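Structural features, examined
Below, each chain spelled out in residue letters.
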Amino acid sequence: MQQASKLQGLHSSAQHALRPSVRSCVRVAAGKGFGVVKAPPKKDYWNGRAPLQPMQISPMRPVPASIPRPPYADRGLLPDLDNRPQVHNAEGLKKMRAACKLAAEVLAQAGSLVKPGVTTEEIDIAVHEMTIAAGAYPSPRNYGKFPKSVCTSVNEVMCHGIPDGR
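This one's a predicted model, so the numbers in the text were calculated from it and none came from an experiment.

The helix and strand tally for the protein chain stands at three helices and two strands. Moving toward the C terminus, one meets the helices and strands of the protein chain in the order α-β-β-α-α. Nonlocal contacts in the protein chain, meaning residues at least 24 apart in sequence, comprise 61% of its contacts between residues at least 6 apart. With the model as given, the accessible surface of the protein chain reaches about 12,200 Å², and the carbon-plus-sulfur share is 60%.

Here it is in structure tokens:
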């Protein structure tokens, strides 16, 4: 019985230690897949900075007609899910390796641009141009009506960041 009360006391003090972090957490409400950040009760959450405000988003960049498009490219409608296993032949595997290699190169280039003063819009432009220069379609573009070629966020934006002037 004494052992149980020690564990209960430990649990209670552990919970108490967690309470400040629970109070300062950011609450997220999802709407159409994009997170909405609400300010927590503490004013110092952003280390003296004002919370981020939405900025204007530039129009979707064009993709040359010569580049093959996925089914969602023109209308932004999500394709039906195919739950069947995808079995590729030698040609399919070759194409998949090429796509993965390009994705790794684009990711490395985008990552090299991440530094203070570079906006997410600039990163999106670089990703878009590198992708179409390789003859590929930037897959996030218009997938579920997502307006950009890369999904990237700054600071307090938690998920599904749409590149803009920040």
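Turning our attention to the environment of G111. For G111, the location among the structural elements is in helix α2 (residues 90-113). According to the relative accessible area criterion, G111 is partly exposed, its value standing at 45%. Counting along the chain gives 12 residues from G111 to I123, while the straight-line C-alpha distance between them is 8.7 Å.

Time to look at the nonpolar core. The biggest cluster of nonpolar side chains holds seven residues, and these are L102, V106, A110, I123, V127, A136 and V150. The leading source of residues in this core is α2, at three residues. Not counting residues up to four positions away in its chain, the partners in contact with A136 are I67, L102 and T131. Grouped together as the second largest cluster of nonpolar side chains are five residues, I67, Y72, A73 and Y137 included.

All right, on to the confidence of the model for the protein chain then. On average, the protein chain scores 78 in pLDDT, and the residues at 70 or more come to 69%. Within the model, pLDDT remains below 50 along residues 1-32, and this stretch shows 18 contacts once partners closer than five positions in the same chain are excluded.

Put simply, the largest pocket is a space of about 800 Å³. Lining the largest pocket we find 29 residues, and of these A99, A136, Y137, P138 and S139 sit closest to its centre. Among the elements of the structure, α2 and α3 (120-133) are those that each provide at least two residues to the lining of the largest pocket. Broken down by element, the lining of the largest pocket gets its largest block of residues, nine residues, from α2. Here the residues of the lining of the largest pocket sort into 22 nonpolar, six polar and one charged.

With respect to the helices and strands, D164 occurs in the segment after α3. Apart from residues lying up to four places away in sequence, D164 is in contact with M55, Q56, I57, T119, T120 and E121.

As a further point, take unusual backbone geometry. Apart from glycine, the bulk of residues carry a negative phi angle, and the bulk of peptide bonds sit in the trans form. In this model, N142 sits at a positive phi of 65°, which is unusual for a non-glycine residue. Secondary-structure assignment places N142 in the segment after α3. Positive phi is not limited to glycine here, since K145 has a value of about 70°. By secondary structure assignment, the location of K145 is in the segment after α3. Residue class for K145 comes out exposed when judged on its relative accessible area of 52%.

Rules and cut-offs
Residues numbered from 1 in each chain as written. Predicted model: local features only at pLDDT ≥ 70, side-chain atom pairs only at ≥ 80, totals over all residues. Heavy atoms only, no water. Helix = DSSP H or I, 4+ residues; strand = E, 2+ residues; numbered from the N terminus. Contact = heavy atoms within 4.5 Å. Areas by Shrake-Rupley, 256 points an atom, 1.4 Å probe, with all protein chains shown as cover. Buried < 20%, exposed > 50% of the residue type's maximum accessible area, 1.4 Å probe, protein only. Core = buried A, V, L, I, M, F, W, Y, C linked by side-chain atoms within 4.5 Å. pLDDT = per-residue confidence, 0-100. 1 Å grid on protein atoms, 1.4 Å probe; cavity = no way out; pocket = protein on both sides within 12 Å on 5 of 7 lines; lining within 4 Å. Points joined across faces, edges and corners; volume = space filled by probe spheres on them. Nonpolar A, V, L, I, M, F, W, Y, C, P; charged D, E, K, R; others polar.

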